[in-house]
Amino acid sequence: MAVSAIETQAKPRVVLSARGLRRDFGGFTAVKNVDLDVHDASVHALIGPNGAGKTTVFNLLTKFLQPTAGSITLMGTDITGTPPDKVARMGLVRSFQISAVFPHLSVLDNVRVALQRPNNLSTQFWRPLSALDRLNERAEQLLASVGLSKERDHLAADLSYGRKRVLEIATTLALDPKVLLLDEPMAGMGHEDVGVVSAIIRDVARDRAVLMVEHNLSVVANICQHVTVLQRGEILAEGDYATVSQDERVRVAYMGTEEH
């Protein structure tokens, strides 16, 4: 009994779950019977060839699309019919839900602006910028956590593409998400930036769940504890990377076409 209790305690809890998820567009079924469990303090990858339904699943989970059938729960609460803005306030945040980078603001001010909502300042637009000074400490902490402290006073427009993506992660973290959804966070990045962002995502997932769509299989192999493979809107395989990468169906459908 004691061993069982320890094992139960050690297993991360499910924070985001979908059952029987389906989405039809006219006569076309983009997502069919998808069951998904995303665990706390872990990185979960959603992979598959182009047209597999990954983005549609993301849009369903974040409520930008309403499912034709199925249910979605966030931390035990049914959010199937909940609008996207309320879902975000409940802690399910997708990277593009924040207007992350304001090019003519400094890096620090970008994060301070993002911090307005969780600090109840988002509707007080008539207040001077100095009113955000009380957010400086938290903004500095967020910049330090993603390695942007040295660029705090730079204009966001002057950052490299990779550093802008890092700033987007920092502004998203300002909402203190319980579940963070990242849509191809490594897209367009050079090798060095990929390594930096991978380390950031791994660190972020120490105390929250991360669900990411990612085509870079080296990244998936290195930082993801669980992988779900989609093909034609259905789950083809799931498990850790070692397991799914050895699945012959996955090799034929996806991994065999990638260089890795």
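Scroll up to find the structure this text is about.
Worth saying up front: this structure is predicted, and the values here are computed from it rather than measured. (Residues numbered from 1 in each chain as written. Predicted model: local features only at pLDDT ≥ 70, side-chain atom pairs only at ≥ 80, totals over all residues. Heavy atoms only, no water.)

**Observations regarding the overall build of the chain**
Helix and strand counts for the chain stand at 10 helices and 10 strands. Relative to all contacts within the chain whose residues are 6 or more apart in sequence, the contacts with residues 24 or more apart total 61%. If you sum the accessible surface of the chain, you get close to 12900 Å²; carbon and sulfur atoms cover 50% of it. (Helix = DSSP H or I, 4+ residues; strand = E, 2+ residues; numbered from the N terminus. Contact = heavy atoms within 4.5 Å. Areas by Shrake-Rupley, 256 points an atom, 1.4 Å probe, with all protein chains shown as cover.)

**Details of the nonpolar core**
Core analysis: the largest hydrophobic core is formed by 47 residues, its most contacted members being Val43, Val111, Ile201, Val210, Met212, Cys224 and Val227. Both domain 1 (15–91 + 179–259) and domain 2 (98–176) contribute no fewer than three residues apiece to this core. Ignoring any residue separated from it by four or fewer positions in sequence, one finds Val43 in contact with Ile201, Ala205, Val210, Met212, Ile223, Cys224, Gln225 and His226. Counting residues in each nonpolar core, the second largest holds 26 residues, with Ala52, Phe58, Ile79 and Ala209 among its members. (Core = buried A, V, L, I, M, F, W, Y, C linked by side-chain atoms within 4.5 Å. Buried < 20%, exposed > 50% of the residue type's maximum accessible area, 1.4 Å probe, protein only. Domains from an automatic or database assignment.)

**Structural notes on unusual backbone geometry**
A negative phi angle is the norm for most residues apart from glycine, just as the trans form is the norm for most peptide bonds. The phi dihedral of Asn33 falls on the positive side, at around 50 degrees, and the residue is not glycine. For Asn33, a relative accessible area of 48% puts it in the partly exposed group. Here Ala41, not a glycine, exhibits a phi torsion of approximately 55 degrees, which is positive. Summarising the element assignment, Ala41 is placed in the loop between strand 2 (28–39) and strand 3 (43–47).

**Remarks on the pairing of strand 3**
For a regular strand, side-chain orientation follows a simple rule: the groups alternate between the two sheet faces. Where burial is concerned, most of strand 3 is hidden: five out of the five residues are buried. Pairing between strand 3 and strand 8 (residues 209–213): four bridges, direction parallel. The partner of His44 across the bridge, within strand 8, is Leu211. (Pairing = 2+ DSSP bridges.)

**Some thoughts on helix 4 (residues 107–114)**
Among the eight residues of helix 4, seven are classified as buried, and the element is accordingly described as predominantly covered. Residues Val107, Leu108, Asp109, Asn110, Val111, Arg112 and Ala114 constitute the buried set of helix 4. Those residues of helix 4 hidden inside the fold are in contact with helix 5 (136–145) and helix 6 (161–173).

**So, the sheet that holds strand 4 (residues 69–74)**
Spatial strand order, 2-1-4-5: four strands in an open sheet with antiparallel pairing. Edge positions in the open sheet fall to strand 2 and strand 5 (77–78), since each of these has one partner strand only. Most of the contacts of helix 2 (residues 54–61) go to strand 1 (residues 14–25), to which it runs at about 115 degrees, and overall it touches strand 1, strand 2 and strand 4. (Axes fitted to C-alpha atoms, helices over the stretch in contact; angles between N-to-C directions.)

**Focus on the sheet that holds strand 7 (residues 179–183)**
On the basis of which strands lie adjacent, the open sheet formed by six strands has the order 6-7-8-3-9-10 and mixed pairing. Of all the strands in the sheet, just strand 6 (92–94) and strand 10 (234–239) have a single pairing partner and so form its edges. Here the strands of the sheet are splayed against their neighbours by 20 degrees on average, with no regard to which way each runs. Note that strand 6 and strand 7 share three bridges and pair parallel. Each residue of the ladder has a partner; that of Arg94, found in strand 7, is Leu181. Helix-sheet contacts for helix 7 (residues 191–204) involve strand 3, strand 7 and strand 8, and the interaxial angle to strand 8 is about 145 degrees.

**Concerning the pattern of salt bridges**
Inspection of every chain in the model, using the stated rule, returns 13 salt bridges. A salt bridge links Arg206 to Asp203; the shortest N-O distance between them is 3.2 Å. Among the charged side chains, a network of salt bridges with common partners joins Glu140, Arg152 and Asp153. (Salt bridge = Lys/Arg side-chain N within 4 Å of Asp/Glu carboxyl O.)

**Section: the pairing of strand 7**
Counting buried positions over the five residues of strand 7 gives four, a clear majority of the element. Handedness of the crossover joining strand 7 and strand 8 through helix 7 is recorded here as right-handed. (Right-handed = clockwise from strand over helix to strand, strands pointing away.)

**Observations regarding helix 2**
Along an α-helix, a turn takes 3.6 residues, which lines up residues three or four apart on a common side. Of all the eight residues making up helix 2, seven are buried; the element is thus mostly covered by neighbouring parts of the structure. Restricting attention to buried positions, one finds in helix 2 the residues Lys54, Thr56, Val57, Phe58, Asn59, Leu60 and Leu61. The positive-phi residue at the C-terminal boundary of helix 2 is Lys63, with phi of around 75 degrees.

**Considerations on the environment of Asn33**
The topology assignment puts Asn33 in strand 2. For the pair formed by Asn33 and Ala69, sequence separation is 36 residues and the distance between their alpha carbons is 8.5 Å. With sequence-adjacent residues up to four places away left out, Asn33 is seen in contact with Gly20, Leu21 and Arg22.

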